[in-house]
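Coordinate inspection notes
Here's the letter readout for the chains.
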Amino acid sequence: MTIGLLRRASLLGAGLAAALSGAAAAGEYNLTVDRVPVDTGTFTRIGIGYNGATPGPVLRFKEGEDVTINVTNNLSEPTSIHWHGLILPFEQDGVPGISYDGIAPGETFTYRFPITQSGTYWFHSHSGFQEPDGAYGAIVIEPKKREPFRYDREYVVQLTDAHPHSGDRIMRNLKMMPDYYNRQQRTLFDFLKDSKEMGLDAALSERGAWGDMRMMPTDIEDLQGFTPLINGKSSAQNWTGLFTPGERVRLRFINSSAMTYFDIRIPGLKMTVVQADGNNVLPVPVDEFRIAVAETYDVLIQPTEDKAYSVFAESMGRTSSVRGTLATAEGMKGDVPDLRKPPLLTMADMGMAHEGMDHGSMNMSGSTHTMPDGSTMKGMDHSTMNMPGGTHTMPDGSTMKGMDHSTMNMPGGTHAMPDGSTMKGMDHSTMNMGSSDPFYAPGSGLMPAAANGGKFLSYNDLRTQKPLYPHREATREIELRLTGNMERYMWSINGIKYADAEPIRLQYGERVRFKFVNETMMTHPMHLHGMWSILDTGKGKWNPIKHVVSVAPGTTVFMETEVDAPGQWAFHCHLSYHADSGMFRKVIVEGGPEGKAAALPVKTEG
Amino acid sequence: MSSSRILGAVLGASLSFALLTSGLALAAGSHGGGHGMHDMKIGKPGDPAKVSRTIEITMYDNYYEPESLDIKEGETIRFVVRNAGEFVHEFNIATAAMHEAHRPEMMMMMEHGVLEPDRINLEAAKAMQASMGHGMHNEANSVLLEPGKSGEIVWTFPKHADLEFACNVPGHYETGMHGKVKLSH
Ligand SMILES: [Cu+2]
Ligand SMILES: [Cu+2]
């Protein structure tokens with residue numbers, strides 16, 4: 001990536017000059033699709049890349065320009081490029097079988113479309129498993145107007161999860177044995193430990209419940225054994241971005257992984273989130289954030305010391321990590337933090353709240369506790385859970401009897417309760433009662449907490465800086481249950497896989513409210529092509545505008561879409577192996593102006 | 001300092017950031033730092049009859065023009081502040097520590113719906129006032145303006161102080177909306 005870095009640095013200068021002179025010509029770009037070597041330091045293999053490398057180049061567009069992109073397929077199989085998050089005519093969207101026929105071996109396909117937005121995006125193949133094999137690159141679009149924040153320098157930080165096996169081979173293995181890549185299965189020893197902690201009946205019941213769901217509490221990453229990379233480099237290869245102390249630096253994080261969510265932090269620095277999925281948000285200062293597969297987040301940092309800071313990304317399942325470096329000179333290195341303890345899925349992540357499950361001796365049909373965020377924690381039967389000890393006053397005035405911290409064994413930070421008392425050592429991965437993130441099931445094992453005890457970004461913190469559409473009532477609601485059978489590695493929507501499903505038909509001009517009900521125990525990053533996904537965080541016209549909406553287990557999440565792009569589009573889970581096995585739909589937008597093809601006068605500037 | 005205006009802005013930003021970090025300890029120890037407008041350390045509301053000059057401040061998203069101020073010790077200035085951006089902005093003269101202490105109050109105003117990105121919701125402000133005993137601040141060292149609006153401050157600067165002008169609308173300070181006040185003889 002050294003060449004890429006130089007290219008970026010020089011392009012940044014060029015971009016500034018162009019902006020000052022006001023020049024904005026139509027840009028022409030050339031990409032070749034090649035077989036390329038992948039070297040992570042721990043393994044080497046042949047993958048797929050662009051212009052001879054993976055990740056491919058950073059494409060720098062300007063808002064308002066018309067781009068022409070010539071893509072030459074040097075592979076011996078068909079390929080395609082999808083421009084992830086870009087609003088464009090559907091024939092240019094790059095999904096074989098939906099937008100066009102794809103690009104045959106030896107063929108050059110020319111994409112032409114207007115750039116009507118700005119921000120950080122990416123591109124990738126939408127054919128087979130070329131994307132997990134390395135076929136991705138970044139897109140940076142310079143806005144027409146000055147952005148509502150200042151920075152002196154910028155870097156693309158593209159995260160990927162390179163695997164020693166090819167995508168085809170991984171899919172075969174998963175189909176044959178869904179836990180093939182799950183190295184953290186629970187053992188008899190774990191079971192005995194559970195029994196000791198929660199009682200034999202409860203342990204048996206929970207184990208039974210997991211069995212019914214055909215999953216295990218460690219099924220957070222169904223694909224392990226990968227090497228995470230930052231801009232193509234592993235921790236040892238140490239991608240480095242330079243800064244001068246005091247400069248404000250913009251980092252454009254892109255998660256181009258096939259399957260991996262990352263929790264990202266820069267120990268010693270606060271990050272201010274200024275964009276999500278390419279759209280400006282009201283800036284949020286955070287200590288750490290989670291990036292779903294296919295999302296992008298832009299953050300500003302201001303390192304003041306003459307030292308090396310580690311950009312540290314830990315996989316959500318804590319099976320691997322990657323460190324990059326921000327430093328004042330090449331060759332400097334910061335610390336590589338240890339991996340935190342792997343989270344375990346809880347009963348909450350099994351969606352017990354809405355499934356008619358037999359809770360048996362867990363007996364969770366009891367009282368309801370109002371949590372600080374107003375959400376409720378259903379039915380903990382304290383007598384069965386048997387937690388002797390002190391009494392905690394909850395914000396609603398009720399008391400929470402007898403949490404014995406020694407028995408529950410909850411290491412971790414300290415939570416200040418609204419009454420000023422502190423609640424020591426709750427382990428978020430186990431109980432998670434002090435936190436409040438409506439985008440995780442109450443009591444979820446997946447809810448993240450910042451390593452330094454500080455602020456962890458939630459979807460709930462995101463507010464668009466500028467609504468793209470007038471806020472209005474949705475014209476109708478479409479329920480999409482995210483479904484699957486882990487035992488057979490089948491993923492679907494409403495219980496039907498893509499091959500057997502009818503397309504979703506939308507009418508041009510309507511505003512559709514999608515209701516995602518996640519009935520699986522995996523987190524799914526849902527991606528609708530061609531139209532914006534307005535995530536409902538209850539902020540009305542300030543709801544954030546995204547292209548990927550991550551839906552955690554046991555939760556229901558709503559997003560709304562202004563149906564303003566005629567044609568047909570893909571709509572799918574962005575985990576490569578989930579999409580391929582059937583969690584995928586074709587969306588057909590009916591009606592609309594003839595030949596209008598999405599070139600709508602949508603305001604997209606910051 | 002370089003003749004380049006951009007570089008100058010960068011230097012200004014980094015200087016003020018250094019102040020901010022050194023001011024953290026102070027902020028932690030002084031309760032209600034944001035209410036310190038009567039504190040002589042930052043100066044005081046000025047007598048309009050003693051104004052020596054008028055400085056025009058234009059607020060954009062999210063930065064000021066000019067990006068720093070040169071002022072004489074004890075000088076009384078009339079600031080004419082115009083919000084030329086699309087979001088609500090503040091022009092507030094204080095120490096970095098006071099700005100830091102003020103930001104949670106602004107965050108609370110946002111959470112109560114008083115401060116919307118592009119307007120000030122007076123109804124929500126009244127509700128906040130009724131339920132919490134306080135709502136909108138009306139302090140002589142600051143002016144909070146909706147897009148398109150203008151306001152004025154007359155301020156007498158002290159002899160010695162490390163002052164910044166800043167916008168404490170959530171996220172604006174962090175993304176660059178602050179500048180240094182240089183006091184000279
Ligand atoms: Cu999925
Ligand atoms: Cu502001």
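Now for a description of the structure that goes with this document. (Residues numbered from 1 in each chain as written. Chains lettered and ligands numbered in written order. Predicted model: local features only at pLDDT ≥ 70, side-chain atom pairs only at ≥ 80, totals over all residues. Heavy atoms only, no water.)

Our focus in this paragraph is the pattern of salt bridges. All names here are of chain A. For the structure shown, the criterion picks out 38 salt bridges over all chains. Measuring nitrogen to oxygen at the nearest pair gives 3.0 Å for the salt bridge that ties aspartate 263 to arginine 318. Here the residue aspartate 263 occupies a position in strand E13 (residues 262-265), and arginine 318 occupies one in the loop between strand E18 (309-315) and strand E19 (321-327), the gap between them amounting to 55 residues. Side by side, aspartate 263 and arginine 318 carry an identical accessibility label, which is buried. Connected via shared salt-bridge partners are Asp263, Arg265, Glu288, Arg290, Glu314, Arg318 and Arg340. (Salt bridge = Lys/Arg side-chain N within 4 Å of Asp/Glu carboxyl O. Helix = DSSP H or I, 4+ residues; strand = E, 2+ residues; numbered from the N terminus. Buried < 20%, exposed > 50% of the residue type's maximum accessible area, 1.4 Å probe, protein only.)

Residues and elements named next belong to chain B. Donor atoms from the polypeptide that coordinate the copper ion (ligand 2) comprise His89 (ND1), Cys167 (SG), His172 (ND1) and Met177 (SD), at 1.9 to 2.7 Å from the metal. With 4 donor atoms in place around the copper ion (ligand 2) and angles of 88 to 132° between them, the coordination shape is tetrahedral. Taken in chain order, the donor set of the copper ion (ligand 2) reads H-x77-C-x4-H-x4-M. Here cysteine 167, found in the loop between strand E11 (163-166) and strand E12 (178-184), pairs with methionine 177, found in the loop between E11 and E12; they are 10 residues apart in sequence, far enough to count as distant. You'll find cysteine 167 and methionine 177 in the same group, each marked buried. (Donors = N, O, S within 2.8 Å, 3.2 Å for Na, K, Ca; no water. Tetrahedral: all angles 85-135°; square planar, octahedral: opposite > 155°, others 65-115°.)

Okay, the packing of aromatic side chains next. Inspection of the entire model under this criterion finds 26 aromatic pairs over all chains. Cation over ring: arginine 146 of chain A sits above tyrosine 63 of chain B, and NZ or CZ is 3.3 Å from the ring centre. The lysine or arginine in question, arginine 103 of chain B, covers the ring of tyrosine 173 of chain B, its NZ or CZ lying 4.0 Å from the ring centre. (Phe/Tyr/Trp six-rings, centres within 6.5 Å; stacked < 30°, edge-to-face > 60°. Lys NZ or Arg CZ within 6 Å of the ring centre and 35° of its normal.)

Counting from both sides, the interface comprises 23 residues of chain A and, opposite them, 20 residues of chain B. Together chain A and chain B conceal approximately 2,000 Å² of surface at their shared face, both sides included; 57% is due to carbon and sulfur atoms. The interface formed by chain A and chain B contains 4 salt bridges. The residue glutamate 86 of chain B makes a salt bridge to lysine 145 of chain A at a minimum N-O spacing of 2.6 Å. Along the contact surface separating chain A from chain B lie 7 residue pairs in polar contact (both at pLDDT 80 or more). For the side of chain A that touches chain B, the secondary-structure elements that each account for two or more residues are strand E14 (271-276) and strand E15 (279-286) of chain A. (Contact = heavy atoms within 4.5 Å. Buried area = accessible area lost by both parts, 1.4 Å probe. Polar contact = N/O pair within 3.5 Å; in protein donor to acceptor, adjacent residues only side chain to side chain.)

What follows is about the coordination of the copper ion (ligand 1). Residue and element names in this part refer to chain A. Bound to the copper ion (ligand 1) are the protein donor atoms His524 (ND1), Cys573 (SG) and His578 (ND1), situated 2.0 to 2.1 Å from the metal. Mapped onto the sequence, the donors of the copper ion (ligand 1) take the spacing H-x48-C-x4-H. Residue classification places histidine 578 among the buried residues on the basis of a relative accessible area of 0%.

Residue and element names in this part refer to chain A. Taken in spatial order, the 4 strands of this open sheet run E3-E8-E7-E5, and their pairing is mixed. Each edge of the open sheet carries a strand with a single partner, namely strand E3 (58-62) and strand E5 (82-84). The sheet shows a mean angle of 25° between the axes of neighbouring strands, direction not considered. In this structure, E3 lies alongside strand E8 (residues 136-142), joined through 5 bridges in parallel fashion. Looking across to E8, one finds that lysine 62 is bridged to glutamate 142. (Pairing = 2+ DSSP bridges. Axes fitted to C-alpha atoms, helices over the stretch in contact; angles between N-to-C directions.)

All names here are of chain A. Its place among the elements puts serine 533 in strand E31 (residues 533-535). Judged by its relative accessible area of 0%, serine 533 falls in the buried class. Those residues in contact with serine 533 that sit more than four places away from it in its chain are Leu528, Pro544, Ile545, Lys546, His547, Val549, Met559, Glu560 and Thr561.

So yeah, pure geometry; function would need other evidence.
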